[in-house]
Amino acid sequence: MSRWSRSRAVRRGALVLALIAVASVVTVIVRGGSDTSAPDQRADPAWCTPGTQRSALCPHGKAFDAKEYTTHGNAFECVGFASQADAQAVLRANPSDPNHLDDGGGVACRGLPQPRDTKPVAAVAQHHKCGPDEPRSALCPQPERSFDARYFLRYGNDAYDCADFASQADAQAVLRFEPTDPNHLDRAGKGIACPDLPGARDVKPVRRGTP
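About the criteria used
Every chain's residues receive numbers from 1 upward, in the order its sequence appears when written. Given that this is a predicted model, residues contribute local features only at a pLDDT of at least 70 and side-chain atom pairs are listed and counted only at 80 or more, while totals for whole chains, interfaces and linings are drawn from all residues. Values shown for side chains rest on all heavy atoms present in the structure; no hydrogens or waters enter the calculation. Going along the chain from the N terminus, every DSSP run of H or I of four or more residues is numbered as a helix, and every run of E of two or more is numbered as a strand. The cut-offs for exposure are 20% and 50% of the maximum accessible area for each residue type, with area from a 1.4 Å probe on protein chains only; residues under the lower value are buried, those over the upper are exposed, and the others partly exposed. Contacts were defined at the residue level, with two residues in contact if any of their heavy atoms lie within 4.5 Å. For every accessible area listed, the method is Shrake-Rupley and the probe measures 1.4 Å; residues are considered covered only by the protein chains on display. Under the rule applied, a polar contact is a pair of N or O atoms within 3.5 Å (in protein, one hydrogen donor and one hydrogen acceptor; residues adjacent in sequence only if both atoms are side-chain atoms). Our working definition of a disulfide is a cysteine sulfur pair at a distance within 2.5 Å. Every residue is assigned a pLDDT by the predictor, reflecting its confidence on a scale from 0 to 100.

The helix and strand tally for the protein stands at four helices and zero strands. The order of helices and strands in the protein, counted from the N terminus, is α-α-α-α. Counting over 211 residues, the protein shows a buried share of 30%. Across the protein, the fraction of contacts at a sequence separation of at least 24, relative to all contacts at a separation of at least 6, is 51%. Total accessible area on the protein stands at roughly 13,200 Å², and carbon and sulfur atoms take up 58% of it.

Here's what the structure looks like:
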């Protein structure tokens, strides 16, 4: 093959590769992004019609009416919701809580994934009754109550906030027990949990673990 022929073949190969690259980019744009899109961008199963309520089975749907879950008695459980925020919206819509979603103190289904809404429903929190074996917390702040850090780590995610603790020392005990801080109690990253909480204090910094 002559030098001119080889040069032409190289240019032709480069042109083919360029066309393939352009076609790939166009395909990605048409599909709306790469195959590594975020979970909330994925489509629900085909049987989840556009009007289907968002749920654990159809987690990416946009339609959600909390009132639909409040008029059938004890018909729904935490496992049926797509997120903790959806369960909280149901509790907020009907504080009488016919579905028994409240985990204590006006916060529903703490173990569910994000998005989250852990602002207590006041109408539920004010009627909370502390059981004899319930650990010390903001709802049951009596100093004589025992405190178990594991209680606030039972869901393994961002399930509890600083407002859930009776004192800064209690929040620090949780951070000390689990330095990876799944509840994000040490937002400043200084090894001190909930520094603005009142009551007993423990401000000896905790060496933070790897999240």
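All right, on to the environment of Q84 then. By secondary structure assignment, the location of Q84 is in helix α2 (residues 84-93). Considered as a pair, Q84 and G111 are 27 residues apart in the sequence and their alpha carbons are 7.4 Å apart. Beyond its immediate chain neighbours, meaning those up to four positions away, Q84 contacts V107, A108, C109, R110, L112, P113, P115, R116, D117 and T118. A polar contact of 3.0 Å, which involves the side chain of Q84, links it to the backbone oxygen of A108. A distance of 2.6 Å separates a polar side-chain atom of Q84 from the backbone nitrogen of D117.

Applying the stated criterion across every chain, the model contains four disulfides. Linked covalently through their sulfurs, C78 and C109 form a disulfide whose S-S length is 2.0 Å. On the S-S bond that ties C78 to C109, the torsion sits near -80 degrees, and the link is left-handed. Of this pair, C78 sits in the loop between α1 (3-31) and α2 while C109 sits in the loop between α2 and α3 (122-125), and the two are 31 residues apart along the sequence. By relative accessible area, which is 24% here, C78 ends up partly exposed.

A cis amide bond links Q114 to the next residue, P115, at an omega of 0 degrees. Summarising the element assignment, P115 is placed in the loop between α2 and α3. For D97, which is not a glycine, the phi torsion comes out positive at approximately 55 degrees. Tracing the sequence through the fold places D97 in the loop between α2 and α3. By relative accessible area, which is 11% here, D97 ends up buried. Phi angles above zero are rare outside glycine, and C194 is one such case at about 45 degrees. Here C194 is to be found in the segment after α4 (168-177).

Our focus in this paragraph is the confidence of the model for the protein. Where the model shows low pLDDT, its predicted coordinates should not be examined in detail. The pLDDT averaged across the protein works out to 83; a share of 79% of its residues lies at or above 70. Mean pLDDT across the elements of the protein bottoms out in α1 (42) and peaks in α4 (98). In the predicted structure, residues 1-7 sits below a pLDDT of 50 and forms one contact with residues beyond four places in sequence or in another chain. Considering only residues more than four positions removed or in separate chains, one finds that residues 13-40, a stretch of pLDDT under 50, has five contacts.

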